[in-house]
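# Breakdown of the fold
Residues per chain are reported as follows:
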Amino acid sequence: MAHKVIYDTDPGVDDAMALLFLHQHPAIDLVGITTVFGNATIATTTRNALFLKEKWQIAAPVARGAGHAINPDRVEGPPPAFVHGDNGLGNVAGVPDSVATQPDPRPAFQFIIDTVRANPGEINIVAVGRMTNLALALAAAPDIVGLVKQVVIMGGAFDVPGNVSPVAEANIIGDPEAADIVMTAAWKVVAIGLDVTHQTIMTRAELAETARTGGERVRFLNALSQFYIDFYQHIVDDGMFVHDSCAAVYVVAPELFTNRSGPIRVVSEGIATGQTIQKPDGKFFPPGPWDGYPSQLVSVGIDAAAVLKLIHQTIA
Ligand code: BDR
Ligand code: CA
């Protein structure tokens, strides 16, 4: 039976690759796409999701999500246009200001609640942006914790430095209170963070080769990825981290990851804001802020070559 997936995303260049993976993998049934602010404004990420739905003929509905973090006092900077371009898709040509396809009338959190309740025990939520929509869904419908199969997030930096601060990864620091709510809820979370995504690099040449042998969809993906690859030149040798695709791959190939179990908390104040900290199961500490929360999984190892091969095979 196919894995049913709700894809919660802020497209976003690497988000677009993961969307194509989820759409094309034969063992995945993409039942919904929910958008969130992050790599661009909520208007732009939603427009991009609708645009890619049209362009790639994706049946799943798109529901527009949160435009701001759940803490109204959190000061938000401008979107990272220097990473994903002003249009969120690497400034690739051909992205219209608006598209004809309309989003689902429900806000993303309600779409998540309704879809989870309609498919008890079957939905994998793959969340690769800020976790705002998930936190809102939990607040409105606490019963969904017992109905979701698993929540696979791209987010966090556990045993490695962050990418926005020395300790914080972008998806977490963008809404740390939401991330803490999601990590401490009584559902199964798998955190695919920089610990493994920074090991998983697709080179410009490999993506070009995939585009050469693949169809029109991956040719467009290749075109929109060039700006992002150029941005990463300072830390990657002519390639890109495929952050969000790692989380998508986990749904169909968890055996390619090594996980560590233990409760996770997220720092939401001070210079360590956005830090994700796991207390590994079996380690003894005096009473502390991790006590009483469920153990979640953090990916600490990845077979990067096999993950990249699966992405290549699927998107081509
Ligand atoms: C994460 O932040 C975003 O820029 C990417 O799309 C990815 O989800 C990586 O830190
Ligand atoms: Ca993302």
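Everything in this summary refers to the structure shown in the same document. (Residues numbered from 1 in each chain as written. Chains lettered and ligands numbered in written order. Predicted model: local features only at pLDDT ≥ 70, side-chain atom pairs only at ≥ 80, totals over all residues. Heavy atoms only, no water.)

## Here's the deal with the sheet that holds strand β3 (residues 62-63)
In space, the 8 strands of this open sheet follow the order β3-β2-β1-β4-β5-β6-β12-β9, with mixed pairing throughout. Whereas interior strands pair on both sides, the edge strands pair on one side only; in this sheet they are β3 and β9 (257-262). Relative to β3, strand β2 (residues 28-35) runs parallel, the two being bridged by 2 bridges. Following the sheet pairing, I33 is matched in β3 by V62. (Pairing = 2+ DSSP bridges. Helix = DSSP H or I, 4+ residues; strand = E, 2+ residues; numbered from the N terminus.)

## Structural notes on the packing of aromatic side chains
Working definition: an aromatic ring pair is given by the centre-to-centre distance plus the angle between the planes. Scanning the entire structure with this criterion turns up 6 aromatic pairs. Geometrically, the ring pair formed by Y232 and F241 is edge-to-face, given 4.9 Å between the ring centres and 80° between the ring planes. Like Y232, the residue F241 is buried in the burial classification. Taking NZ or CZ as reference, K55 lies 4.6 Å from the ring centre of F220, over its face. (Phe/Tyr/Trp six-rings, centres within 6.5 Å; stacked < 30°, edge-to-face > 60°. Buried < 20%, exposed > 50% of the residue type's maximum accessible area, 1.4 Å probe, protein only. Lys NZ or Arg CZ within 6 Å of the ring centre and 35° of its normal.)

## Considering the packing of helix α5 (residues 132-140) against helix α7 (residues 176-184)
At their nearest, the axes of α5 and α7 sit 8 Å apart, and the two run at 60° to each other. What the angle tells us is that α5 and α7 run oblique. By crossing handedness, the relation of α5 to α7 is classed as left-handed. Two secondary-structure elements touch here, α5 through T132, L134, A135 and L138 and α7 through A178, I181 and V182. Split by residue class, the contact of α5 with α7 holds 6 nonpolar, 1 polar and no charged. (Axes fitted to C-alpha atoms, helices over the stretch in contact; angles between N-to-C directions. Parallel < 35°, antiparallel > 145°, perpendicular 65-115°, else oblique. Left-handed = near helix turned anticlockwise from the far one by under 90°. Contact = heavy atoms within 4.5 Å. Nonpolar A, V, L, I, M, F, W, Y, C, P; charged D, E, K, R; others polar.)

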